[in-house]
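Results of the structural survey
Letter by letter, the chains look like this.
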Amino acid sequence: MNRPCKAQGEAVRIEDMLLSNGVALPSIGLGTWQITKPELLAELVACAYDAGYRLLDTAAAYGNEIALAKALRSTGIPRDKLLLSDKVWNTSRGYQAVQEACRKSLKKLKTDFLDLYLIHWPAGSKLHPDWAELNAETWRGMEALYQEGLVRAIGVCNFKQHHLQELKKTAAILPLVNQFEFHPGMNQEELLRYCQQNQIQPQASSPLGNGQILAQEELCKIAAERKKTPAQICLRWARQKGVAVLPKTANPRRLYENADVFDFALSAAEMQRIDQLPYCGGLGLDADEVTTFG
Ligand SMILES: NC(=O)c1ccc[n+]([C@@H]2O[C@H](COP(=O)([O-])OP(=O)(O)OC[C@H]3O[C@@H](n4cnc5c(N)ncnc54)[C@H](OP(=O)(O)O)[C@@H]3O)[C@@H](O)[C@H]2O)c1
C-alpha cells in the first residue's frame, strides 16, 4: 500500500454507533468540505486510515468526489475497509433527479455503493411554497435507492424538527441519520431530543464550530484542567450526548488529536459547564432562512 502520510501517531479504535437498520456508523468520520486537492486528499485519507478513521464524508457540492476516488485508489485501501458518505445537492430534488444524482456520484467515486446517502438541505419554505411535497418526493427517491441496494443507509442534513415531522407523514422508512450543525454554543437540544426519540442518529457537522469556537475562554479552561485540547473537549462532549461527529482538518497531525477522545469522560459538572457556553461562532445557517441556495 502506498502511504503518503508522514504524521506519526497511535491508531485509535473509533467506536461505532448503531443505526436503526443495523449499519454500524463510526462515531468519528473525516469531513472533507473545502478539501479538493487530490494530493492533499490522498495524504489525509492515508493518515486518517492510519489514525483509525473508517468514515469519509463528502458531498456532490464539495466538488471533490473525483479527487477522493483518486485518493482512495492511490492509498490502496480496500473499499470494504472504509465507509463513504455522500450528499445530494439542492439542484437534484425530486424522485427521478435524486436517483440520477446518486448514480452520477457513484460513477465519480468509482464505487458500486455508498454507505450513507443524505439529502444535503431540506427544501425550505422561503424558496419553495411546496417544500413539504418536494422533500417527500426527494425522500421517495432516496428510499428507492435504498431498496435497490445502492446505498446502505439513507438520511438527511440540516432538517429541523418540522421538516422531519412532515416527512414522517409520507415516509416508508424514516431517515436513519440527520447531520446538522452541533457544537458547544449550538446545543440544538430540541432537535437532538426529537432525533433520538425517533431513532434518527444525530451526526454533527462543524463539530468544532468551523474552528471558530476553539479559543473560547471557558472551553480552553476545561481543556487545560483536563490536559486535553479544546477540540478534544468539543468532540468528547458530542460523544457523551450520543452525537456522531465529522471534524474536518487539512492538517494530518490533528487527525490523531481529533480521534483521540475515547480515553476519558467528562463529568456531569463539566458537561453542564459546556452546555452553558454562549454562541461563539460556527456556520449558523438555518434551513428556513437560507435563500442564497435552495
Ligand atoms: N451537511 C452540511 O450541510 C454540512 C455543513 C458543514 C459541514 N459539514 C461537514 O462537517 C465537516 C466539518 O465541518 P467544518 O469544516 O465546518 O468545521 P469543523 O470541523 O467544525 O472545523 C474545521 C476547522 O477547525 C480546524 N481544526 C480542526 N481540528 C483542529 C484542532 N484539533 N485544533 C485546532 N483547529 C482544528 C480546521 O483547521 P485545519 O484544517 O487547518 O486543521 C478548520 O479550520 C465538513 O468537512 C463536512 O464534512 C456538513
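This text follows the structure it describes.
Residues numbered from 1 in each chain as written. Predicted model: local features only at pLDDT ≥ 70, side-chain atom pairs only at ≥ 80, totals over all residues. Heavy atoms only, no water.

1. Topic: the packing of aromatic side chains
Enumeration over the complete set of coordinates arrives at 1 aromatic pair. When the ring of Phe182 is compared with that of Trp237, the centres are 4.9 Å apart and the planes differ by 15 degrees; the resulting orientation is stacked. A residue pair is termed long-range when its members are at least 10 positions apart, and Phe182 in the loop between β8 (177-181) and α6 (189-197) and Trp237 in helix α8 (residues 230-240) qualify at 55 residues. Of the two residues, Phe182 and Trp237, both sit in the buried class. The ring centre of Tyr49 lies 3.8 Å from the NZ or CZ of Arg54, which sits over that ring. Between Arg236 and the ring centre of Phe264, over which it is positioned, the NZ or CZ distance is 5.9 Å. (Phe/Tyr/Trp six-rings, centres within 6.5 Å; stacked < 30°, edge-to-face > 60°. Helix = DSSP H or I, 4+ residues; strand = E, 2+ residues; numbered from the N terminus. Buried < 20%, exposed > 50% of the residue type's maximum accessible area, 1.4 Å probe, protein only. Lys NZ or Arg CZ within 6 Å of the ring centre and 35° of its normal.)

2. What about the pattern of salt bridges?
Summed over the entire model, instances satisfying the criterion amount to 15 salt bridges. Between Asp115 and Arg152 there is a salt bridge, with its nearest N and O atoms 2.8 Å apart. Of this pair, Asp115 sits in the loop between α3 (95-109) and β6 (116-119) while Arg152 sits in the loop between α4 (131-148) and β7 (154-157), and the two are 37 residues apart along the sequence. The closest approach of N and O atoms between Glu225 and Arg273, which form a salt bridge, is 3.1 Å. Of this pair, Glu225 sits in helix α7 (residues 217-226) while Arg273 sits in helix α10 (residues 268-275), placing them 48 residues apart in sequence. On the accessibility criterion, Arg273 (26% relative accessible area) is partly exposed. Among the charged side chains, a network of salt bridges with common partners joins Arg79, Asp115 and Arg152. (Salt bridge = Lys/Arg side-chain N within 4 Å of Asp/Glu carboxyl O.)

3. What about the packing of helix α5 (residues 161-168) against α6?
At a minimum axis separation of 10 Å, α5 and α6 run at an interaxial angle of 25 degrees. The angle between α5 and α6 falls in the class roughly parallel. Where α5 abuts α6, its residues Gln161, Leu164, Gln165 and Lys168 lie against Glu190, Leu191, Tyr194 and Cys195. Its residues assigned to classes, the contact of α5 with α6 comprises 4 nonpolar, 2 polar and 2 charged. (Axes fitted to C-alpha atoms, helices over the stretch in contact; angles between N-to-C directions. Parallel < 35°, antiparallel > 145°, perpendicular 65-115°, else oblique. Contact = heavy atoms within 4.5 Å. Nonpolar A, V, L, I, M, F, W, Y, C, P; charged D, E, K, R; others polar.)

4. Some details on a nonpolar patch on the surface
A cluster of nonpolar residues, Trp33, Leu283 and Leu285, forms a patch on the protein surface that exposes about 260 Å² of accessible area. Mapped onto the fold, Leu283 is located in the segment after α10. Taking the relative accessible area as the measure of exposure, Leu283 reaches 35% and is therefore partly exposed. (Patch = residues over 30% accessible without salt bridge, like charges linked within 9 Å, V, L, I, M, F, W, Y side chains within 5 Å. Areas by Shrake-Rupley, 256 points an atom, 1.4 Å probe, with all protein chains shown as cover.)

5. Points about the sheet that holds strand β3 (residues 30-31)
Within a sheet, each strand pairs with its neighbour through backbone hydrogen bonds, oriented either parallel or antiparallel. Here 8 strands make up an open sheet; going across it, the order is β3-β4-β5-β6-β7-β8-β9-β10 and the pairing parallel. Each end of this open sheet is capped by a strand with a single partner; those strands are β3 and β10 (244-245). Here 3 bridges tie β7 to β8, and the two strands are oriented parallel to one another. For Cys157, the partnering residue across the bridge sits in β8 and is Gln179. (Pairing = 2+ DSSP bridges.)

6. Details of the site of the ligand
The immediate surroundings of the ligand are formed by 29 residues, with Asp57, Ser206, Leu208, Thr249 and Arg254 found nearest. Within the side chain of Asp57, one N or O atom sits 2.6 Å away from an oxygen atom of the ligand. Gly209 has a polar backbone atom sitting 3.3 Å from an oxygen atom of the ligand. Expressed as a share of its isolated accessible area of 910 Å², the protein-covered part of the ligand is 86%. The element contributing the most residues to the shell around the ligand is helix α9 (residues 252-259), with 3 residues. Taken together, the residues that form the shell around the ligand break down as 11 nonpolar, 13 polar and 5 charged. (Near = heavy atom within 4 Å. Polar contact = N/O pair within 3.5 Å; in protein donor to acceptor, adjacent residues only side chain to side chain.)

7. Observations concerning the nonpolar core
Membership of the largest hydrophobic core comes to 72 residues, with the highest contact counts inside it found for Tyr53 and Tyr117. The leading source of residues in this core is helix α1 (residues 38-51), at 8 residues. (Core = buried A, V, L, I, M, F, W, Y, C linked by side-chain atoms within 4.5 Å.)

8. Structural notes on unusual backbone geometry
Even without being glycine, Gln188 reaches a positive phi, approximately 50 degrees. You can see Gln188 is positioned in the loop between β8 and α6. By relative accessible area, Gln188 is classed as partly exposed at 25%. The residue Asn210 is not glycine, and still its phi comes out positive at about 60 degrees. Tracing the sequence through the fold places Asn210 in the loop between β9 (201-205) and α7. In this structure Asn210 comes out as partly exposed when scored by relative accessible area, which is 36%.

9. Some thoughts on α8
Counting buried positions over the 11 residues of α8 gives 10, a clear majority of the element. Every buried residue belonging to α8 is among Pro230, Ala231, Gln232, Ile233, Cys234, Leu235, Arg236, Trp237, Ala238 and Arg239, and all of these are buried. Taken together, the buried residues of α8 touch β1 (16-18), α7, β10, α9 and α10. One or two residues past the end of α8 sits Gly242, with phi positive at roughly 80 degrees.

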